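Spelled out from the first residue to the last, the chains are:
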Amino acid sequence: MTAIVILFWASAVLLLYTQLGYAVLLALLTRLRPASGQPAPPAPGPPSVSVIVAAYAEQEVIADRVANLRALEYPPDRLEVIVACDGSPDATVACALAAGADLVLELERGGKIRAQDAGVDRARGEVVAFSDANVLWDRGALRALVAPFADPRVGYVCGDVKFVNQRGTNQEGLYWRYEMAVRRLESRLSSVTGGNGAIYATRRETYLVVDPIMGHDLSFPFNMVKRGWRAVYAPEARASEKMVPTIEGEFARKRRMMSHGWPIVVRGGMLSPRGYDPLYALMIFSHRVLRYVSPFLHVIAFVTSVALLGHGWVYVAAVAVQLVVLGAAALAAIVPARPLLVARYYVMTTASLAAGLWDWLRHGTPAGWEPAEGTR
């Protein structure tokens, strides 16, 4: 019985910590510890930047993406727009050329990462920035994105992404507002533990060539830290992206993402503390490792709380809370009220972490990808 009690409390405490307590801890640490470095003096001029858009079957959106980049408040002679077409079966190449991209690469199908690698190989900029084809950047986004590189210790910068969905059940926007707040605190203290594909950049010299199944969002930040660079968040570098309209679609998207994420966690070096200082090691454990194992912590908490019924009111309350959340998630399919949808989003996206692991272990992860707009 003692072992069951320990398992329950350990799983419950770890879940509460990774979902809520970690953000509280970061907030406290930012008050107790000075920020990781003072703002660097302004650079004499903006760096030259190559913005690389990897695209597969994006003929419907690529012209708007190129036009959006051309309209940025950035010196035109310092900006290069590259569209790397990953074996697109449609008119993406022609549309990108007609829209005014500086360079359009017509590549054999090899996956998003290899398309980005090819873009970097041909890039002329001091900084290489990346974005998806279905994303739009604010006019000042690029200038804000490259500003942190004035600090010679910074090797990676990610911006702020807002997920938009005028209709639908998906609650991803709510999650990302919380995630961006956490990322701001991580960046102030040390380095971020994750990025996003909508808006990010590296120095040309710090760009990493990674396994084609391992996305940049998760693999770049911690690897930058291991190599002695800082990975930071630029909140003024704003982008917007359409999100999957339904929670069920978000489950499928995150399941695919985690089939790429688990290889990074298990064999990509994230778990090795080499190159981390103690604070960043704690951040990786708190916001990445614990978060990804949260489905299994939930199972342990539920099973042990049921086993402990009759041994105190706290276990009755624990079972009741878990059943209410599961019931609310199920009811949301019939009654799409906001609190019920939030519960459904939480349950299904948590389950997607385990589903992605199952997919990877069962049949591996292909390097291929689907059009960004097609899932939204």
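Conventions adopted
Residues numbered from 1 in each chain as written. Predicted model: local features only at pLDDT ≥ 70, side-chain atom pairs only at ≥ 80, totals over all residues. Heavy atoms only, no water. Pairing = 2+ DSSP bridges. Helix = DSSP H or I, 4+ residues; strand = E, 2+ residues; numbered from the N terminus. Axes fitted to C-alpha atoms, helices over the stretch in contact; angles between N-to-C directions. Patch = residues over 30% accessible without salt bridge, like charges linked within 9 Å, V, L, I, M, F, W, Y side chains within 5 Å. Areas by Shrake-Rupley, 256 points an atom, 1.4 Å probe, with all protein chains shown as cover. Salt bridge = Lys/Arg side-chain N within 4 Å of Asp/Glu carboxyl O. Phe/Tyr/Trp six-rings, centres within 6.5 Å; stacked < 30°, edge-to-face > 60°. Buried < 20%, exposed > 50% of the residue type's maximum accessible area, 1.4 Å probe, protein only. Lys NZ or Arg CZ within 6 Å of the ring centre and 35° of its normal. Contact = heavy atoms within 4.5 Å.

J.: Explain the sheet that holds strand β3 (residues 103-107) here, please?
T.: Within a sheet, neighbouring strands are paired by backbone hydrogen bonds and run either parallel or antiparallel to one another. As summarised here, the arrangement of the eight strands in space is β3-β2-β1-β4-β7-β6-β8-β5, forming an open sheet in which the pairing is mixed. Looking along the sheet, the strands with just one partner apiece sit at the ends: β3 and β5 (135-137). With strand direction ignored, the average angle separating the axes of adjacent strands in the sheet is 25 degrees. Sheet analysis places strand β1 (residues 49-55) next to strand β2 (residues 79-86), joined by seven bridges and oriented parallel.

J.: Explain a nonpolar patch on the surface here, please?
T.: A grouping of Leu16, Leu20 and Tyr178 is seen on the molecular surface, where their side chains present a nonpolar patch of about 300 Å² in accessible area. Considering the arrangement of structural elements, one finds Tyr178 in helix α6 (residues 172-189).

J.: How should I be thinking about the packing of aromatic side chains in this particular structure?
T.: Any pair of aromatic rings gets described here by the distance separating the centres and the angle formed by the planes. A full pass over the atoms with the stated rule returns 15 aromatic pairs. Between Trp9 and Tyr315 the ring centres are 6.4 Å apart and the planes differ by 65 degrees, which places this aromatic pair in the edge-to-face class. Taken together, the residues Trp9 in helix α1 (residues 2-32) and Tyr315 in helix α11 (residues 313-331) connect sequence positions 306 residues apart. Given the relative accessible area of 39%, Trp9 is considered partly exposed. Between Tyr17 and Tyr22, the aromatic rings sit 6.4 Å apart at their centres with planes inclined by 75 degrees, giving edge-to-face as the arrangement. Through pairs of rings, three or more aromatic residues link up here, namely Phe130, Tyr156, Tyr200, Tyr207 and Phe220. Its end group placed over the ring of Tyr56, Arg109 keeps NZ or CZ at 3.6 Å from the ring centre. Lys226 extends its terminal NZ or CZ atom over the ring of Tyr276, reaching a point 4.2 Å from the ring centre.

J.: So what exactly am I meant to see when it comes to the side chain of Ser259 here?
T.: The residue Ser259 is located in helix α8 (residues 247-267) in this model. Given the relative accessible area of 8%, Ser259 is considered buried. The residues contacting Ser259, other than those within four sequence positions of it, are Gly356, Asp359, Trp360 and Thr365.

J.: Looking at this model, I keep getting lost on the pattern of salt bridges. Mind explaining?
T.: Where charged atoms of side chains with opposite charge meet at close range, the side chains can pair. On inspection of all chains with the given rule, the structure shows 18 salt bridges. Here Lys254 and Glu250 are joined by a salt bridge, their closest N and O atoms 2.8 Å apart. Of the two residues, Lys254 and Glu250 both sit in helix α8, four residues apart, roughly one turn of that helix. Looking at Lys254, the relative accessible area reads 11%, which means it is buried. Residue class for Glu250 comes out buried when judged on its relative accessible area of 1%. Beyond isolated ion pairs, a larger network of salt bridges with shared partners links Glu179, Arg183, Arg288 and Arg291.

J.: What should I look at first to understand helix α7 (residues 216-226) in this one?
T.: What sets the pattern is the α-helix's 3.6 residues per turn: residues three or four places apart point alike. α7 sits mainly inside the fold: nine of its eleven residues count as buried. The inward-facing, buried residues of α7 contact α4 (112-122), β6 (154-164), β7 (200-203), β8 (230-242), α8 and α9 (278-292). Just past α7, the residue Gly228 takes up positive phi, approximately 90 degrees.

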